[in-house]
Amino acid sequence: MKTAKKSQSFFLSEIFSIIKEKGPMPFDEYMALHLSHPRLGYYVHGTKKRIGKNGDFFTSVSVGSLFGEFLAMQCTEIWKQLGKRDSLWIIEAGAGGGELACDIVDWLKKNESELSKKLSYLFLEPFSYNQIQQQQEINQRIGTTDRFFWITEWEELPKLSDFTILIANEFLDCLPVKRIRFQKGKWMESHVGINHENKLCFIDQPVKENSPLAWMIDNLGIPKIEGYTTEIPLAAMEWIKKASAKTSSSLFFIIDYGLTKEEYFAPWRANGTLRCYKNHKIFSDPLLFPADCDITTHLNFSLISKTAEDSGFQSIGWLDQHHFFMGLLEKLYATDPFFLVKNPKRESWIRKFFMLSHPHFMGENFKFLLLVKNLPQSLCLSGLKFCRFKRP
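Below you will find a few notes about this structure. Since we're looking at a predicted model, the values are computed, not measured. (Residues numbered from 1 in each chain as written. Predicted model: local features only at pLDDT ≥ 70, side-chain atom pairs only at ≥ 80, totals over all residues. Heavy atoms only, no water.)

1. Some remarks on the overall build of the chain
Working step 1: Looking only at helices and strands, the chain has 12 helices and 16 strands in total.
Working step 2: The C-alpha atoms of the chain give a radius of gyration of 22 Å, which matches the 21 Å a tight globule of 392 residues would have.
Working step 3: Oriented by its inertia axes, the alpha-carbon framework of the chain measures out at about 65 × 50 × 45 Å.
Working step 4: Here the chain holds 392 residues, and 55% of them are scored as buried. (Helix = DSSP H or I, 4+ residues; strand = E, 2+ residues; numbered from the N terminus. Rg over C-alpha atoms; globule rule 2.2 N^0.38 Å. Buried < 20%, exposed > 50% of the residue type's maximum accessible area, 1.4 Å probe, protein only.)

2. Considerations on the pattern of salt bridges
Working step 1: Considering all chains together, one arrives at 13 salt bridges under this definition.
Working step 2: Its salt-bridge partner being aspartate 28, residue lysine 178 comes within 3.3 Å of it at the nearest N-O pair. With lysine 178 in strand E6 (residues 178–183) and aspartate 28 in helix H2 (residues 27–36), this residue pair connects regions lying 150 residues apart in the sequence.
Working step 3: Residue aspartate 28 is classed as buried on the basis of its relative accessible area, which comes to 18%.
Working step 4: Measuring nitrogen to oxygen at the nearest pair gives 2.7 Å for the salt bridge that ties aspartate 310 to lysine 306. Taken together, the residues aspartate 310 and lysine 306, both in helix H10 (residues 301–310) and 4 residues apart, mark about one turn of the helix.
Working step 5: Classification of aspartate 310 as exposed rests on a relative accessible area of 55%. (Salt bridge = Lys/Arg side-chain N within 4 Å of Asp/Glu carboxyl O.)

3. Some remarks on the sheet that holds strand E11 (residues 275–278)
Working step 1: Spatially, 3 strands are ordered E12-E11-E13 in an open sheet, and the strand pairing comes out antiparallel. Unpaired on one side and paired on the other, strand E12 (281–283) and strand E13 (294–296) mark the two borders of the sheet. On average, each strand axis in the sheet is inclined to that of its neighbour by 25 degrees, with strand direction left out of account.
Working step 2: Pairing geometry for E11 and E13, over 3 bridges, is antiparallel. What sits directly across from cysteine 276, in E13, is isoleucine 295. (Pairing = 2+ DSSP bridges. Axes fitted to C-alpha atoms, helices over the stretch in contact; angles between N-to-C directions.)

4. Observations regarding the nonpolar core
A general feature of soluble globular proteins is that nonpolar side chains tend to end up buried together.
Working step 1: Ranked by size, the top nonpolar core spans 54 residues in total, and within it Leu71, Ile165, Phe253 and Phe368 carry the most contacts.
Working step 2: With 9 residues, helix H3 (residues 66–81) is the single largest residue contributor to this core.
Working step 3: If sequence neighbours within four positions are ignored, isoleucine 165 has contacts with Cys75, Ile78, Leu88, Trp89, Ile90, Ile91, Leu251 and Phe253. (Core = buried A, V, L, I, M, F, W, Y, C linked by side-chain atoms within 4.5 Å. Contact = heavy atoms within 4.5 Å.)

5. Let's talk about helix H7 (residues 212–220)
Working step 1: Along H7, the residues classified as buried are Leu213, Ala214, Met216, Ile217 and Leu220. The buried side chains of H7 occupy one side of the element, clustering within an arc of 160 degrees when seen end-on. With respect to the buried face of H7, the exposed residues turned more than 90 degrees away are Pro212, Trp215 and Asp218.
Working step 2: Turning to H7, the residues buried within the fold contact E6, strand E7 (186–194), strand E9 (229–232), helix H8 (234–245), helix H9 (261–264) and H10.
Working step 3: Residue glycine 221 follows H7 closely and has a positive phi angle near 65 degrees. (Arc of directions from axis to C-beta.)

6. Side note on a nonpolar patch on the surface
Working step 1: A surface patch of nonpolar side chains, amounting to about 260 Å² of accessible area, comprises Phe354, Met355 and Phe361.
Working step 2: Its location among the elements puts phenylalanine 354 in helix H12 (residues 344–357).
Working step 3: Judged by its relative accessible area of 41%, phenylalanine 354 falls in the partly exposed class. (Patch = residues over 30% accessible without salt bridge, like charges linked within 9 Å, V, L, I, M, F, W, Y side chains within 5 Å. Areas by Shrake-Rupley, 256 points an atom, 1.4 Å probe, with all protein chains shown as cover.)

7. What to know about the packing of aromatic side chains
Working step 1: Counting across every chain of the model gives 29 aromatic pairs.
Working step 2: On the basis of an interplanar angle of 45 degrees and a centroid distance of 5.5 Å, the ring pair of tryptophan 89 and phenylalanine 149 is categorised as tilted. On the criterion of sequence distance, the pair formed by tryptophan 89 in strand E2 (residues 88–93) and phenylalanine 149 in strand E4 (residues 148–151) is long-range, its members being 60 residues apart.
Working step 3: Exposure remark for tryptophan 89: the relative accessible area of 18% places this residue in the buried category.
Working step 4: Each member of the aromatic cluster is reached from another via a ring pair, and the members are Phe67, Phe70, Phe253, Phe324, Phe325, Trp349, Phe353 and Phe368.
Working step 5: Residue placement shows arginine 179 over the ring face of phenylalanine 202; its charged tip is 5.4 Å from the ring centre.
Working step 6: Lying over the aromatic face of phenylalanine 289, lysine 278 brings its terminal NZ or CZ to 5.3 Å of the ring centre. (Phe/Tyr/Trp six-rings, centres within 6.5 Å; stacked < 30°, edge-to-face > 60°. Lys NZ or Arg CZ within 6 Å of the ring centre and 35° of its normal.)

Coordinates in, geometry out; function isn't part of it.
In structure tokens, the structure reads:
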């Protein structure tokens, strides 16, 4: 097995060859190769080892099964409000090691057997190594079953006529972004090139006229401050359009850390939101550990919501994870005697809930954007009980 240093060396050699042949590479292309190179990318050899105490970062799923259980509760509630339809598809993008899927399916099997029998689960997973890990997780926790399916991209899927639930949990933030900087009265696009020391460096080039990027910049009202740097999520916006094109009737959970457009493009946010993670340390230089660190940006939820609505979705809720969980907690508390008995299991549950929902931990940083397509206006979701805004 190649060591991390050898993989970085091979990756760098390939990046250098591309730059020498074609010239400086747009940053979104570098980010795509860094994360998703078919042999050397950061995510290609398994997301599972990147997450948790021994990885580079934590996620809500890595805290335990509670996150998936709350999503399963919300899925059950909407399924019942829609008249207990004969089938339910859940599509999860960027499912990592498959833990969230197993958490959802396991809870449904134990608590909602009627829905469990009608559920089909589809992974939208481009990496074969992740698919193998997901299958192993399923075999260990769920056992032999024919309810799980895999595709690598939206194009493989025919348009679904059945009601579908989409889940994008900490997925859209790691899609490649365009990075731009305002210099000497005009917008420049960040590229990755090679400097005189034969190292990777940033090179700014004028934004191409009449390009999608130029059109976006003209219509977003980004502060024209010398040196101001930010990101434009063209890939995430395109992904949302494809999701809408493949579903006829759906509920869509987008769960991530992010901001409204006003917060994202605030004058004081002059360096953008791009962050890198390695060994639970945060830094800002995405060229520092080629193919060996996570590169991510905050979601611009306003842009995502606008793109979704233009594509046929309707925004029905925008809130933080704390308020989403508290809405469902009230429903759970009213029906589950587990809350009335003091025991070690309950204490463990409370600690995990505290980690996921408290504003000082994950509760405030992570946001929920809920979208629907061709569903009744009468839907009433417990997770939105304390929601004040329909859209960011």
